[in-house]
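# Residue-level structure breakdown
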Amino acid sequence: MVFCDAPFLFYFSGCIATSLWTSTCLTVIILAFNRLCDLVSVKLSNSLFSGSRVYIWLLIPLLYFLWFVWYCPVLLFTSIYYSEFSNPYVGTVFEAQAEDQYISWPMIANDTVTPLIMVLLYTVICIVFLVRSYRLKRNSAGSGAKLTDFQKTTVIQSCLICCLFVLCGAIYNYMDYYGAPVSLVTFSTIIWQACHGGTVIIYLIFNKTLRNEMSRYLIKRPAVIVSVSMYPSEGKLIHNTTTGPKLGLF
């Protein structure tokens, strides 16, 4: 199946996929900046992200998404590699001729700048984390620059989530403009899926509150059985409430 078979479907899906990917990249950058502010100073983090201010930060990726929808070249699916590329003729004899025509500089900038910013932010986060841990060890009283369990787990979660996006962006940038074997294309697709589905697994592993809430939701609960009987001679309804066997998903 090629672009000419379903041009609207190919273009629409490519437009959504391109815009969602770039806006997600910007979102994880904001997430990393939020974790850095929280680690440096809780007061600074609250002043920037507390209350209705968080909606302003969320508006930035939304505008970024709309900009890519309306003004930027989209990625188009090719059945040769079963993936989306900026050049729809990739893998054909016309690939070299159409390379300059379909090149997407905004996409190149996004996939290049995102890993660089992420590496910079998390390098600073690791430095701050190590410095505060060192100060905590020197302070026998445990006061001063004390790291809470919440700060530690949130930093670890953010690092793992953002590493997936850095890896995916770097691989795809190389794959799209320098070529790649089918094995690398398949691996990049798996990483791309992990960027969106792996977040849930990371949260479940490191977020104790989320695990407890899921356990409460999935735990077996006693079922209340209500039976109604009526005596014809008296015309009265008799309600009997009993506790039946426990019901649940497990």
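Owing to the predicted nature of the structure, the values given are computational and were not obtained by experimental measurement.

What counts and what doesn't
- Residues numbered from 1 in each chain as written.
- Predicted model: local features only at pLDDT ≥ 70, side-chain atom pairs only at ≥ 80, totals over all residues.
- Heavy atoms only, no water.
- Helix = DSSP H or I, 4+ residues; strand = E, 2+ residues; numbered from the N terminus.
- Buried < 20%, exposed > 50% of the residue type's maximum accessible area, 1.4 Å probe, protein only.
- UniProt positions renumbered as here; feature names shortened; annotations may be inferred.
- Axes fitted to C-alpha atoms, helices over the stretch in contact; angles between N-to-C directions.
- Parallel < 35°, antiparallel > 145°, perpendicular 65-115°, else oblique.
- Left-handed = near helix turned anticlockwise from the far one by under 90°.
- Contact = heavy atoms within 4.5 Å.
- Nonpolar A, V, L, I, M, F, W, Y, C, P; charged D, E, K, R; others polar.
- Phe/Tyr/Trp six-rings, centres within 6.5 Å; stacked < 30°, edge-to-face > 60°.
- Core = buried A, V, L, I, M, F, W, Y, C linked by side-chain atoms within 4.5 Å.

## Describing the overall build of the protein
- Assigned secondary structure in the protein consists of 8 helices and 4 strands.
- Its helices and strands in sequence order give the protein the pattern α-α-α-β-β-α-α-α-α-α-β-β, from N to C terminus.
- Taking all 250 residues of the protein together, the buried fraction comes to 34%.

## Concerning the UniProt feature "transmembrane region" (unreviewed entry) in the protein
- Mapped onto this numbering, the UniProt entry annotates "transmembrane region" (unreviewed entry) at residues 6-33, 54-82, 113-134, 155-175 and 181-206.
- End C-alpha to end C-alpha, residues 54-82 measures 38 Å, and it is 62% helix and 10% strand.

## A word on the packing of helix H1 (residues 7-40) against helix H3 (residues 53-71)
- Packing of H1 against H3 brings their axes to within 8 Å, and their N-to-C directions diverge by 155 degrees. Of the possible angle classes, the one that applies to H1 and H3 is roughly antiparallel. Once H1 is placed against H3, the crossing between them reads as right-handed. Contacts between H1 and H3 involve Cys15, Ile16, Thr18, Ser19, Leu20, Thr22, Ser23, Leu26, Thr27, Ile30 and Phe33 from the former and Trp57, Ile60, Pro61, Tyr64, Phe65, Phe68 and Val69 from the latter.
- Class assignment for the residues of the contact of H1 with H3 results in 13 nonpolar, 5 polar and no charged.

## Some words on the packing of aromatic side chains
- Evaluated as defined, the whole model comprises 7 aromatic pairs.
- With 5.9 Å between their ring centres and 15 degrees between their planes, Phe8 and Phe12 make a pair best called stacked. Here Phe8 pairs with Phe12, and both are found in helix H1, just 4 residues apart, close to one helical turn.
- Both rings, one in Tyr64 and one in Phe68, keep their centres 5.0 Å apart while their planes meet at 75 degrees; by these two values the pair is edge-to-face. In this pair, Tyr64 and Phe68 are both assigned in helix H3, 4 residues apart and thus about one turn of the helix distant.
- Residue class for Phe68 comes out buried when judged on its relative accessible area of 1%.

## Quick look at the nonpolar core
- Residues Trp21, Met118, Tyr122 and Cys195 are the most contacted members of the largest nonpolar core, which totals 33 residues.
- Elements with a contribution of two residues or more to this core: H1, helix H5 (105-138), helix H6 (149-178) and helix H7 (182-206).
- Sort the elements by how many residues they give to this core and H6 lands first, with 11 residues.
- With residues up to four places along the chain from it excluded, the contact list for Met118 reads Val28, Ile29, Ala32, Cys162 and Val166.
- If you look at the next biggest cluster of nonpolar residues, it comprises 5 residues, including Cys15, Phe65, Val69 and Leu76.

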